[in-house]
Amino acid sequence: VQLVESGGGLVQAGASLKLSCVVSGGTFSSYRMGWFRQAPGKEREFVSFVSRSGVAATYYADSVKGRFTISRDNAKNTVYLQMNSLKPEDTAVYYCAAQTSIRMSYATRSSYDYWGQGTQVTVSS
């Protein structure tokens, strides 16, 4: 299974970006998907989660709630993260990850089986 993120870049505070993560080599529609991020010198942290259908459940970290939206297109094997009203503190490498079976947690790194290589998001003030 391979995950490839794209869509990162350098933007000013208040701008928007949409990240994409294409999954290949597996059954995307059976995976629960998450986005994490890692800022320099910090631990990788949970950002958002979406259920297999994209409708049953979505969850967000408090720091991004109301600004970020996760979605998926099972026909395109792709999960998205729409990021609005970006802040300098959103600067990080963003990773998508796949859960291939039901886990107790959606917010811990260890509950995911596959990871992408990450895409850099930099927000200037």
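For the structure itself, consult the block above.
Attention here is on the structure that accompanies the text. Numbering of residues starts from 1 in each chain and follows the order in which that chain's sequence is written. Since the coordinates come from a predicted model, pLDDT governs what is reported: local features require at least 70, and pairs of side-chain atoms require 80 or more to be given and counted, while whole-chain, interface and lining totals use all residues. As a convention, hydrogens and water are excluded, and side-chain values are obtained from all of the structure's heavy atoms.

What about the nonpolar core?
- By size, the foremost hydrophobic cluster in this structure holds 33 residues, and its most contacted members are Met33, Trp35, Leu81, Met83 and Tyr94.
- Counting from the N terminus, the helices are the DSSP runs of H or I reaching at least four residues and the strands are the DSSP runs of E reaching at least two. Broken down by secondary-structure element, the contributors of at least two residues to this core are strand 3 (17–24), strand 4 (32–38), strand 5 (45–50), strand 7 (68–73), strand 8 (78–83), strand 9 (92–99) and strand 11 (119–124).
- With five residues, strand 9 is the single largest residue contributor to this core. Put simply, buried Ala, Val, Leu, Ile, Met, Phe, Trp, Tyr and Cys residues joined by side-chain atoms within 4.5 Å make one nonpolar core. Burial classes follow relative accessibility: with a 1.4 Å probe on protein chains only, a residue under 20% of its type's maximum area counts as buried, one over 50% as exposed, and anything between as partly exposed.

Things to note about the sheet that holds strand 8
- Strand pairing follows a simple DSSP-based rule, namely that at least 2 bridges must link the two strands. Taking strand neighbours across the sheet as the criterion, the four strands line up as 1-3-8-7 in an open arrangement whose pairing is antiparallel. Single-partner strands in this sheet number two, and they are strand 1 (2–6) and strand 7. For this sheet the average axis-to-axis angle between neighbouring strands, irrespective of direction, equals 15 degrees.
- For strand 7 and strand 8, the ladder comprises six bridges, and the chain directions are antiparallel. Each bridged residue has a counterpart across the sheet, and for serine 71 the counterpart in strand 8 is tyrosine 80. What counts as an axis is a line fitted to C-alpha atoms, over the stretch in contact for a helix, and the angles between N-to-C directions run from 0 to 180 degrees.

Points about the packing of aromatic side chains
- Between the rings of Phe, Tyr and Trp (Trp by its six-membered ring), a pair exists once the centres lie within 6.5 Å; its type follows the angle of the planes, with under 30 degrees stacked, over 60 edge-to-face, and the other angles tilted. Applying the stated rule across the entire model yields eight aromatic pairs.
- Between the aromatic rings of phenylalanine 36 and phenylalanine 46, the centroid separation amounts to 5.8 Å while the plane-to-plane angle is 80 degrees, which identifies the pairing as edge-to-face. Here phenylalanine 36, found in strand 4, pairs with phenylalanine 46, found in strand 5; they are 10 residues apart in sequence, far enough to count as distant. Exposure class is identical for phenylalanine 36 and phenylalanine 46. Each is buried.
- Taken together through their ring pairs, the aromatic side chains of Phe36, Phe46, Phe49, Tyr59, Tyr106, Tyr112 and Trp115 make up a single cluster.
- Here, a charge over a ring is recorded when the distance from Lys NZ or Arg CZ to the ring centre is within 6 Å and its angle to the ring normal is within 35 degrees. Sitting over the ring of tryptophan 115, arginine 44 keeps its end group 5.0 Å from the ring centre.
- Arginine 72 extends its terminal NZ or CZ atom over the ring of phenylalanine 28, reaching a point 4.3 Å from the ring centre.

Quick look at the pairing of strand 3
- Pairing of strand 1 with strand 3 involves five bridges; the strand directions are antiparallel. Note on strand 3: the bridge partner recorded for glutamine 2 is serine 24.
- Sheet topology note: the strand 3/strand 8 ladder contains six bridges and is antiparallel. Residue pairing across strands places serine 20 opposite tyrosine 80, the latter belonging to strand 8.

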